[in-house]
Amino acid sequence: MISSNSFNNLNEITNYFKQVPFDVTRKGLYSAIDLYEGYDPDDDETFKTCHDTKVYEHYMAKGKHASTVEESLARTLHDHGIHVALDKFFDEHDKLLCVGIMGGHAQLRTDKMYREIVFISKQLTEMGFFMLSGGGPGAMEATHLGAWMAGRSKEEVEDAIQMLTPSPSFKDEGWLSSAFHVMRKYPQGKYVSLGIPTWLYGHEPSTPFATHIAKFFENSIREDSILTLAYGGIIYTPGSAGTLQEIFQDAVQNHYLSFGFSSPMIFLGKDFWTKEIPIYSLLESLMQNGKYKNLILTVSDESKEIVAELMKFREKMKDFNQ
């Protein structure tokens, strides 16, 4: 039997859940329309009062590490609902066709690598893969822009990139509105991509180009989800601390065959990964010394070679599933 004190506590928690600016019982993934509810691309001032901003401001006010039981429970229930929604998403989409692209959030829209990622992602999407990223700006945005523009001409993709370049960084005015303007000019409903951002990095806007957005409060859950769900392989583009963390976390999963097989680890940019930050050379050495096993490693500057490696793995996994 519930005591009067316990009942009062339950009432307090229930009332708290009603006051937070997010749905603790959320059953589905976000779309850009859901996440940015209240935002008008023709009026950047509305970003300050849209849904995503309200949740981020609440998150910061209550502390990145929740200071109360009520807040901690509210965030946990929300993130649990997102996890359930991800499971449903992968009931409808073949997980072995999920390819991740990792890279720096600070990468500019004007960078050569940004454009390279857009076209690789576009090609892979058109070949039946679906793309996954951390759902933020930079290389992550390029991933989802490529998926969004799948099926369109090179000229149309170049035009989309050109529309974005006046606001090269997510810190620049017009970064978000220009993305919505591209989506307005080039609508699509055929291809999907999955972004997994977090309110921990809520100062970096989530890319609206991702058709499905699994936004978490708890970054550790989010990081693990990104690397776990990219069953079809991961392309690593130049990045810094966060990307390096993801590389070694992915290497551990592949070493131990945590999910029954190892997925390709592909490094885009030979000079960067063998000279500037020689992680690829280190992994090769560790493989030769037996410190790591089962890693499927590739380093390349050529999109054709990258696509070929992913296709080879895709064919191999057909036999694996039989």
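Presented here is an overview of the structure given in this document. (Residues numbered from 1 in each chain as written. Predicted model: local features only at pLDDT ≥ 70, side-chain atom pairs only at ≥ 80, totals over all residues. Heavy atoms only, no water.)

1. Some remarks on the pairing of strand β1 (residues 98-102)
Next, step 1: Most of β1 is tucked away, with 5 of its 5 residues classed as buried.
Next, step 2: Burial along β1 is two-sided: the residues C98, G100 and M102 and V99 and I101 are all buried.
Next, step 3: Both β1 and strand β2 (residues 130-133) contribute to a ladder of 3 bridges, which runs parallel. Bridge pairing links G100 to L132 in β2.
Next, step 4: In this structure, β1 lies alongside strand β5 (residues 234-236), joined through 3 bridges in parallel fashion. Paired with M102 across the strands is Y236, a residue of β5. (Buried < 20%, exposed > 50% of the residue type's maximum accessible area, 1.4 Å probe, protein only. Helix = DSSP H or I, 4+ residues; strand = E, 2+ residues; numbered from the N terminus. Pairing = 2+ DSSP bridges.)

2. A closer look at the sheet that holds β1
The strands making up a sheet are joined through hydrogen bonds of the backbone, oriented either antiparallel or parallel.
Next, step 1: Strand order in the open sheet formed by 7 strands is β4-β3-β2-β1-β5-β6-β7, and the pairing between neighbours is parallel. At either margin of the open sheet sits one strand with a lone partner, and together these are β4 (212-213) and β7 (296-300).
Next, step 2: Where strand β6 (residues 264-268) and β7 come together, 5 bridges link them in parallel fashion. Following the sheet pairing, F267 is matched in β7 by V299.
Next, step 3: Sitting on the sheet, helix α12 (residues 279-288) touches β6 and β7, and the angle it makes with β7 is about 150°. (Contact = heavy atoms within 4.5 Å. Axes fitted to C-alpha atoms, helices over the stretch in contact; angles between N-to-C directions.)

3. Section: the pairing of β6
Next, step 1: The buried fraction of β6 is high, at 5 of 5 residues.
Next, step 2: Side chains of β6 alternate between two faces, with P264, I266 and L268 and M265 and F267 buried alike.
Next, step 3: Both β5 and β6 contribute to a ladder of 3 bridges, which runs parallel. Looking across to β6, one finds that Y236 is bridged to F267.
Next, step 4: A crossover links β5 with its parallel partner β6, the connecting element being helix α10 (residues 241-255), and its sense is right-handed. (Right-handed = clockwise from strand over helix to strand, strands pointing away.)

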